[in-house]
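# Coordinate analysis (summary)
As a plain string of letters, each chain reads:
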Amino acid sequence: ARLTYEEGQAAIDGRPNDTTRPLVDPVLRPLYGAYRALDRARRRRGALDLDLPERRIVLAADGRIARIEPRQRFDSHKLIEELMIAANVAAAETLERLRQPCMYRVHDAPDPPKLAALREVLNGIGIPGLKLAKGQAVRPQHFNDILHRVAGTPYETLVNTLVLRSQAQAAYSPTNLGHFGLGLRRYAHFTSPIRRYADLLVHRALISGQRFGAGGLTPAEADNFAAIGEHISMTERRAAAAERSAADRYIAAFLAERVGAQFAGRINGATRAGLFITLDETGADGLVPIGRLPGDYYVHDETHHRLVGRRTHRSFTLGDAVTVRLVEANSVTGSLLFALAEEEEAPARPGFRRQSRRPGSRARR
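These lines cover the structure that appears in this document, whether it is placed above or below. (Residues numbered from 1 in each chain as written. Predicted model: local features only at pLDDT ≥ 70, side-chain atom pairs only at ≥ 80, totals over all residues. Heavy atoms only, no water.)

## Side note on the nonpolar core
Ranked by internal contacts, the top residues of the largest apolar core, which has 26 residues, are Leu255, Leu275, Ile277, Leu293 and Val324. Elements with a contribution of two residues or more to this core: strand E2 (65-70), helix H9 (225-255), strand E5 (262-271), strand E6 (274-279), strand E11 (321-330) and strand E12 (335-340). Residue contacts for Leu275: discarding those within four places in its chain leaves Ile267, Gly269, Ala270, Gly286, Leu287, Val288, Leu293, Leu307 and Phe316. (Core = buried A, V, L, I, M, F, W, Y, C linked by side-chain atoms within 4.5 Å. Buried < 20%, exposed > 50% of the residue type's maximum accessible area, 1.4 Å probe, protein only. Helix = DSSP H or I, 4+ residues; strand = E, 2+ residues; numbered from the N terminus. Contact = heavy atoms within 4.5 Å.)

## Examining helix H3 (residues 75-97)
Look at H3: 33 Å from first C-alpha to last across 23 residues, which is about the 33 Å you get at 1.5 Å a residue. Among all positions of H3, only Ser76, His77, Leu79, Glu82, Ile85, Asn88, Val89, Ala91, Ala92, Thr94 and Leu95 are buried. Close packing links the buried residues of H3 with helix H1 (5-12), helix H2 (24-45), strand E3 (104-106) and helix H7 (197-210). (Expected span 1.5 Å × (residues − 1).)

## A short note on the side chain of Arg204
The residue Arg204 is located in helix H7 in this model. Residue Arg204 is classed as buried on the basis of its relative accessible area of 17%. Polar contacts involving the side chain of Arg204 include one to the main-chain carbonyl oxygen of Gly215, which spans 3.4 Å. Other than its neighbours up to four places away in sequence, Arg204 contacts Tyr197, Gly215, Gly216, Leu217, Thr218 and Glu221. (Polar contact = N/O pair within 3.5 Å; in protein donor to acceptor, adjacent residues only side chain to side chain.)

## A short note on H9
Every α-helix carries 3.6 residues per turn, so stepping three or four residues along brings you back to the same face. Its 31 residues place the ends of H9 45 Å apart at the C-alpha level, agreeing with the 45 Å of an ideal helix rising 1.5 Å per residue. Of the positions making up H9, those classed as buried are Phe225, Ile228, Gly229, Ile232, Ser233, Ala240, Ile251, Ala252, Phe254 and Leu255.

## Re the pattern of salt bridges
Under the definition given, this model contains 15 salt bridges. For Glu221, the salt bridge identified is with Arg204, shortest N-O distance 2.8 Å. One end of the pair, Glu221, is in helix H8 (residues 219-223); the other, Arg204, is in helix H7, with 17 residues separating them in the sequence. As a salt-bridge pair, Arg306 and Asp301 come within 3.0 Å of each other at their nearest N and O atoms. Judged by its relative accessible area of 27%, Arg306 is partly exposed. Several salt bridges share partner residues, and in doing so they unite Arg56, Arg67 and Glu69 into one network. (Salt bridge = Lys/Arg side-chain N within 4 Å of Asp/Glu carboxyl O.)

## What to know about the sheet that holds strand E8 (residues 298-301)
Across the sheet, which stays open at both edges, the three strands sit in the order E8-E9-E10 with antiparallel pairing between neighbours. Both outer strands of the open sheet, E8 and strand E10 (315-317), are each paired with one neighbouring strand and no more. Averaged over all adjacent pairs, the angle separating strand axes in this sheet is 20°, with direction ignored. Summarising the sheet, strand E9 (residues 306-309) and E10 pair through three bridges and their orientation is antiparallel. When the sheet's bridge partners are listed, Val308 is paired in E10 with Ser315. (Pairing = 2+ DSSP bridges. Axes fitted to C-alpha atoms, helices over the stretch in contact; angles between N-to-C directions.)

## Considering the side chain of Ser166
Looking at the secondary structure, you find Ser166 in helix H6 (residues 156-166). Among the polar contacts made by the side chain of Ser166, one reaches the side chain of Gln167 at a distance of 3.2 Å. Residues contacting Ser166, with those up to four places away along its chain left out, are Pro110, Lys114, Leu118 and Phe143.

## What to know about the pairing of E8
Across four bridges, the pairing between E8 and E9 is antiparallel. Note that in E9 the partner of Val299 across the bridge is Val308. In sequence, E8 turns back onto E9 through a hairpin of four residues, with His305 there showing a positive phi of about 55°.

## Focus on the environment of Ala117
Within the element layout of this structure, Ala117 appears in helix H4 (residues 112-125). For the pair Ala117 and Ser166, spaced 49 residues apart in sequence, the C-alpha separation works out to 8.1 Å.

Okay, here's the thing in structure tokens:
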């Protein structure tokens, strides 16, 4: 049967429908048993276990945005992911055995400068044990220990985001560097040929290695894997940027009708430009310009990732909960401009210009 994630999960949770009822014992229970075994293996090898909320944009029949809601994640999603990873590893191992070129999905260890920046933030949060020791050989489990300590705290989403930003960017390459985040020695994308050109290359390399006939790699293509890897890594980054840009524009268009409304959020960046805020309800990001912060002249404290009032010593620090008022939503640029809800309507400082730059970009596996 062709099932949705929701159908498969409902069936294993004791709510089968007419399609899934005959499949529960002969198919689904063994399948979930395989997933639990793979999940245990994942935990033993210490794969990076980030927990970042995802949201989806739901469109009405007329194409307008109906709502923005959290994307549900079931064990059925994780089951398919673990089986896909197992297939990807098997493909890479098979190509090595056949001495065929392989387009690996590589993910190197984090760069020292990114680790140093993350270390500074963790040191400033003040949760006991939330440390990343200098000089140690960092492994995914070190990050998992940090994520476990912040679970359930106001800093949970923030630290998950910062750990993600500290990671190296995954890429495609014929040179195997392993996959740091998954804790795997070899990994190749194999299971989504419609989605990625890298998957198609792996399929064709397997055809060549097994001598199945037409459809394999040509010698010229095999010799050009390094250049192809660079190109498809670039196009992946470009596609991810386009996806983020489209989502930003949808969210800005959705919120444009709510200019003047107040929202709960958290500070996810403190720079000389001002405070970058992530809203709790939609996950939207926007800026409170430094010139709109109330009652003082604020100075950027880079070490502690905060803005501090020169006269009042009031501080706005990474992770702080705030209530903001939406001042502007630009659906063309996808940018949002906020003011603190407590702000008194006072003129901006002389020479102040509004800015709408966004912090950081998300790595993809």
